[in-house]
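Structural overview for review
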Amino acid sequence: MKIALQEGLLPGGTLDEKLDFAESLNVEGLEISGRGPARRIDELESALRNRGIRLVSLCGQGTFDFLDPDIDKRNHSIAEAKENLRVCGHFGAVGLILPPIFGPPRLPDLTPLADAITLEMQLLTEIVRDLAECAEEQKTKVLLEPLNRYEEHLLRQQERGIEIIKRAGDPPSASLLCDFFHMHIEETDTPATLRRAGRRYVGHVHMADNTRQEPGSGDIDWRTGLSALKHIGFDGYLAYECGITGEGETERREALTRSVKFIQGIIGELS
């Protein structure tokens, strides 16, 4: 297993300075925002050239209208995702992280024909099938992200994400983004959930403690969680998506350094 850090967590005024800090911690991956990354290809290529660190994932995008009743909005979000998948393919990244919706359903309840959830499941199945075809062409993945109940109503547990992927034909280019923070809320046993999902469906991992701050600052049992990932043969990236403890940059640098060394220590023990 390898550690990745989101660009926004890294201290420094330029991307080069941020990557210098990441490499000083022996971090191997960079995760960036999916908001307009196609416009940054030259900048990213220049900053990553001759470094050990690589771009491993895009997180989200500008719009999340995949399940909106307006077909133009849906098509716009799908087109944006495909552009981002092409960026993932360009850099050889693991994939594009996508929560399909935020908040409550937007589709109407058409009972007795179908309720909103049934319609959403059917629509999302077709969208995942379409995006997975694009991801396969780019030799990358679409990574469905279950969120907690306070952020999303439809896709909250890993099992539901797996169900959608299977409904879409179980394409290898579709898997899950498994987030420890969200799982800590929605799963009754995170390590057992990871073992059930297995290496097939755990495509990428987000790291945040129960406080949504850096790993090691809260009460999640990271040794047990990472042991479960080791058990299923996960050898991918553990990407930090969290806040960092501290009031100023110096304190946050120290907290992030402390956390990365903590997780690296567990990975070393499991090797």
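Higher on the page you've got the structure.
Residues numbered from 1 in each chain as written. Predicted model: local features only at pLDDT ≥ 70, side-chain atom pairs only at ≥ 80, totals over all residues. Heavy atoms only, no water.

**Let's talk about the nonpolar core**
Of all hydrophobic cores here, the largest spans 77 residues; its most connected members are F180, L229 and Y240. It is helix α4 (residues 116-137) that provides the largest number of residues to this core, a total of eight residues. Discounting chain neighbours no more than four positions away, the residues touching Y240 are I3, A4, L5, Q6, L9, M207, E214, P215, L256, S259, V260 and I263. (Core = buried A, V, L, I, M, F, W, Y, C linked by side-chain atoms within 4.5 Å. Buried < 20%, exposed > 50% of the residue type's maximum accessible area, 1.4 Å probe, protein only. Helix = DSSP H or I, 4+ residues; strand = E, 2+ residues; numbered from the N terminus. Contact = heavy atoms within 4.5 Å.)

**Observations regarding the pairing of strand β4 (residues 95-98)**
Here strand β3 (residues 54-59) runs beside β4; their pairing, made up of three bridges, is parallel. When the sheet's bridge partners are listed, C59 is paired in β4 with I97. Bridging between β4 and strand β5 (residues 141-144) involves four bridges; their strand directions are parallel. Following the sheet pairing, L98 is matched in β5 by L144. Following the chain from β4 across α4 to the adjacent parallel β5, one finds a crossover that is right-handed. (Pairing = 2+ DSSP bridges. Right-handed = clockwise from strand over helix to strand, strands pointing away.)

**Here's the deal with the pattern of salt bridges**
When the charged atoms of two side chains with opposite charge come close together, those side chains can pair. In this structure the tally under the stated criterion is 18 salt bridges. Its salt-bridge partner being E186, residue R149 comes within 2.9 Å of it at the nearest N-O pair. Of this pair, R149 sits in the loop between β5 and α5 (158-167) while E186 is found in helix α6 (residues 180-186), placing the two residues 37 residues apart along the sequence. One connected set of salt bridges, linked through shared partners, spans D16, D20, E23 and R51. (Salt bridge = Lys/Arg side-chain N within 4 Å of Asp/Glu carboxyl O.)

**A look at the sheet that holds β5**
With parallel pairing, the eight strands of this closed barrel are ordered in space as β1-β2-β3-β4-β5-β6-β7-β8. For this sheet, the mean inter-axis angle between neighbouring strands, taken without regard to orientation, is 30°. By the bridge criterion, three bridges tie β5 to strand β6 (residues 174-179) in an arrangement that is parallel. Residue L143 lies in a different strand from β6, and its bridge partner there is S175. (Axes fitted to C-alpha atoms, helices over the stretch in contact; angles between N-to-C directions.)

**Thoughts on helix α9 (residues 249-270)**
For α9, built from 22 residues, the straight-helix expectation of 32 Å at 1.5 Å per residue is met to within 8% by its first-to-last C-alpha distance of 32 Å. Listed as buried for α9 are A255, L256, T257, S259, V260, I263, I266 and I267. Elements that come into contact with the buried residues of α9 comprise β1 (2-6), α1 (15-24), β7 (202-207), α8 (222-231) and β8 (237-240). (Expected span 1.5 Å × (residues − 1).)

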